[in-house]
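Chain by chain, the residues run as shown.
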Amino acid sequence: MTRALSNRDIADIFLEIADRMEILGEDRFRVLAYRRAGEAIADLRMPLADYRARGALEEIPGIGKTIAEKIGVILDTGALPLAERLRAEVPDGVLDMLRVPDLGPTRASRLYRELGIASLEDLRLAVESGRLRTLKGFGPKSEERIRQGLATLAEGQQRTLLGPALATAELLLAELRAVLPAVPRLAYTGSLRRGRPTVGDIDLLAAAEDTAAVTRAFTALPQVARILGQGEVKASVLLHNGLRADLLVVAPERWGSALQHFTGSKEHNIHLRRLAQERGYSFSEQGFARPDGSLITCASEEEVYATLGLPWIPPELREDAGEFEAAAAGRLPDLIPPEALLADLHMHSRWSDGRAAIAEMAAAAVARGLRYIAITDHSAYLGVTGGLDAARLHEQAAEVAAVNAEWNARGASFRVLHGVEVDITTDGALALPDEVLATLDLVVASLHVSLRQPREQITARLLRAIANPHVDIIGHPTGRILNRRPGADLDMEAVFRAAAEHGTILEINSGPDRLDLDAAYVRRALELGVVLAINSDAHHPDELVWTRLGVLTARRGWASAERVVNTWPLERLLERAQRKGR
DNA sequence: GCCGTTTTCGGCCCGACTGTTTTCAGTCG
């Protein structure tokens with residue numbers, strides 16, 4: 001049985017069409033149209049087939065009559081003649097060459113047509129043999145950059161996880177503040193500020209009158225391994241930890257337009273500039289240029305959006321995924337603030353694979369201002385080391401009670417819930433019997449094994465767990481590990497509908513390499529009425545801070561505090577658990 | 001190829017930096 005094409009698959013078809021057309025030198029606006037269509041499809045939160053069934057394909061911005069027809073052909077036949085034709089004209093290997101830094105469609109096309117280079121391997125051989133230099137316009141610097149680019153690609157460049165990238169960015173900012181005390185404003189921007197789960201590099205912004213002094217100080221930081229580029233207002237470096245960092249410096253009165261510009265996303269900025277054009281302005285990081293060339297500068301981001309008649313749009317929403325329309329209609333979501341979390345409902349202790357005692361986890365949670373937590377050690381099941389059976393859980397209950405008694409005696413308003421992270425077995429049963437689960441305050445159920453079951457099987461398995469009246473929360477629902485494995489092949493629409501129907505909470509797991517559910521799923525789950533939890537899955541007290549990443553993910557998914565149970569008072573959460581039938 | 005608060009035609013996002021260029025194209029973000 002062939003699997004139905006996902007939105008992502010179809011988006012890729014259009015994006016590849018755009019790339020190939022660009023290499024062939026097609027009209028650049030036609031290329032742009034295919035690229036926009038591909039990006040629009042990738043951002044959709046419902047299957048394309050649903051749009052077509054409703055006759056709504058052409059309502060998607062960027063999709064008109066022609067591309068809507070092509071989507072129909074792809075949905076019906078699984079392929080597109082145009083794509084096949086282009087694939088014959090531009091081999092996959094030439095497309096691969098676009099991934100080499102500093103090699104774009106124009107030069108890749110010349111390499112293919114003038115030297116017959118049709119793959120990364122061909123390119124490597126051409127560099128080694130010195131043949132590249134024979135081409136007009138390719139000097140020794142180009143050759144060296146391409147050689148380095150090929151080496152980087154061969155290492156398999158992975159995107160950096162949000163958590164460590166934030167730590168590095170904050171370190172760089174602290175260093176810069178130390179050497180440049182007079183610089184009024186410094187911030188990280190880019191995908192880091194938007195809270196993407198992984199980032200390609202670190203983007204920093206500074207405001208200063210003497211811009212060159214700041215770029216010089218930046219490239220002289222001890223963390224810098226190599227300077228990739230340096231101008232009056234911009235610099236780009238490679239750090240010793242392998243991350244790339246870019247800095248832009250602007251005059252203080254242009255801070256707002258520059259912060260907006262450098263935060264992106266690219267798609268958000270393109271949309272914003274189009275809106276500016278409609279009002280007769282040209283917008284850049286300098287500000288709004290009037291037709292006569294005069295400039296309206298913006299010292300704050302609020303001024304940028306206000307000039308377009310819009311309220312400020314939070315960075316996490318800036319993906320051109322409906323935020324402009326929502327802002328114009330006064331319907332931007334009231335995003336969950338980071339300080340709204342009162343609880344953390346998924347963490348481990350030394351009773352299973354954690355590295356601290358329950359009392360230590362509790363103390364760390366109190367120090368973070370939390371009002372209640374759930375200790376959810378693993379159940380005994382295949383592969384999970386040191387999991388708890390019924391007898392051990394019973395013993396653990398006494399320790400939880402003792403920790404609660406201690407905080408109670410100290411007059412603290414704090415409570416440890418006794419929970420478990422129970423395994424969902426390969427057939428969708430739970431690894432502990434119902435009568436044991438009934439003795440606990442909170443049950444998190446998670447998939448850990450057989451994540452590669454076929455779609456129907458693993459979906460049915462998860463649906464069975466969602467329907468179990470003892471299950472309060474589904475932990476890390478898809479099981480993805482960033483940079484390592486995709487999530488299970490689940491029918492997420494069915495998962496969300498079932499969770500909404502049964503009142504089962506879905507987790508945003510805040511582990512830096514999980515962030516599962518991801519933002520797109522969060523948004524769709526909310527649309528279908530699902531309630532969420534943001535949990536650390538901490539195995540050590542220091543890991544409780546991870547929920548910061550979960551909050552960013554929730555905000556990227558347009559979540560308000562109301563829809564996240566960790567913002568609720570304990571009584572409300574327990575009442576909900578009761579209602580489900582525990 | 002898409003699209004409309006000057007439009008169904010004629011536009012389509014903008015600037016910095018780099019290299020191989022004697023004035024700018026390509027690439028990137």
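Structure first, text after, so check above.
Residues numbered from 1 in each chain as written. Chains lettered and ligands numbered in written order. Predicted model: local features only at pLDDT ≥ 70, side-chain atom pairs only at ≥ 80, totals over all residues. Heavy atoms only, no water.

Chemist: Help me out: how do you make sense of the sheet that holds strand β14 (residues 442-446) in this one?
Modeler: The pairing of strands in a sheet happens through backbone hydrogen bonds and is either parallel or antiparallel. In spatial order, the strands read β11-β12-β13-β14-β15-β16-β17; together these seven strands make up an open sheet with parallel pairing. Of all the strands in the sheet, just β11 (343-344) and β17 (532-535) have a single pairing partner and so form its edges. Where strand β12 (residues 372-378) meets strand β13 (residues 415-423), seven bridges bridge the pair, whose relative direction is parallel. Residue pairing across strands places I375 opposite H418, the latter belonging to β13. Contacts between helix α23 (residues 547-556) and the sheet are confined to β11, β16 (505-509) and β17, with β17 contributing the most and set at about 150° to the helix. Set on the sheet, helix α24 (residues 570-580) makes contact with β12, β13, β14 and β16; between it and β13 the angle comes to about 40°. (Pairing = 2+ DSSP bridges. Helix = DSSP H or I, 4+ residues; strand = E, 2+ residues; numbered from the N terminus. Contact = heavy atoms within 4.5 Å. Axes fitted to C-alpha atoms, helices over the stretch in contact; angles between N-to-C directions.)

Chemist: Looking at this structure, I do not really get the nonpolar core. What am I missing?
Modeler: The nonpolar side chains of a soluble globular protein tend to be buried, and buried together. Ranked by size, the top nonpolar core spans 61 residues in total, and within it I373, V416 and L506 carry the most contacts. Sequence-distant contacts of V416, defined by excluding residues within four places in its chain, comprise I358, A362, I373, I375, V400, V403, N404 and D441. Membership of the second largest hydrophobic core comes to 32 residues, among which are L173, Y188, A245 and V249. (Core = buried A, V, L, I, M, F, W, Y, C linked by side-chain atoms within 4.5 Å. Buried < 20%, exposed > 50% of the residue type's maximum accessible area, 1.4 Å probe, protein only.)

Chemist: Can you walk me through the packing of aromatic side chains in this structure?
Modeler: The relation between two aromatic rings is expressed through the spacing of the ring centres and the mutual angle of the planes. If you walk through the whole model with that rule in mind, you get five aromatic pairs. We note R572 situated over the ring of W568; from NZ or CZ to the ring centre the distance is 3.7 Å. (Phe/Tyr/Trp six-rings, centres within 6.5 Å; stacked < 30°, edge-to-face > 60°. Lys NZ or Arg CZ within 6 Å of the ring centre and 35° of its normal.)

Chemist: Could you clarify how one ought to interpret unusual backbone geometry in this entry?
Modeler: Residues apart from glycine generally show negative phi values, whereas peptide bonds are mostly found in trans. Between G264 and the following residue, S265, the backbone shows a cis peptide bond with an omega angle of -5°. Inspection of the secondary structure assignment puts S265 in the loop between α13 (255-263) and α14 (266-278). At H476, a position not held by glycine, the phi torsion is positive, near 20°. Within the secondary structure, H476 is located in the loop between β15 (473-474) and α21 (492-502). By relative accessible area, H476 is classed as buried at 1%.

Chemist: Where do I start with the protein's contact with DNA strand B in this structure?
Modeler: Taken together, 44 residues are adjacent to DNA strand B, and G62, D102, G104, G139 and R273 come closest. At 3.2 Å, a backbone N or O of I67 approaches a phosphate oxygen of DNA strand B. Between DNA strand B and the protein, one listed contact pairs a phosphate oxygen with a backbone N or O atom of R107 at 3.2 Å. Grouping the amino acids of the surface near DNA strand B by side-chain chemistry returns 15 nonpolar, 15 polar and 14 charged. (Near = heavy atom within 4 Å. Polar contact = N/O pair within 3.5 Å; in protein donor to acceptor, adjacent residues only side chain to side chain. Nonpolar A, V, L, I, M, F, W, Y, C, P; charged D, E, K, R; others polar.)

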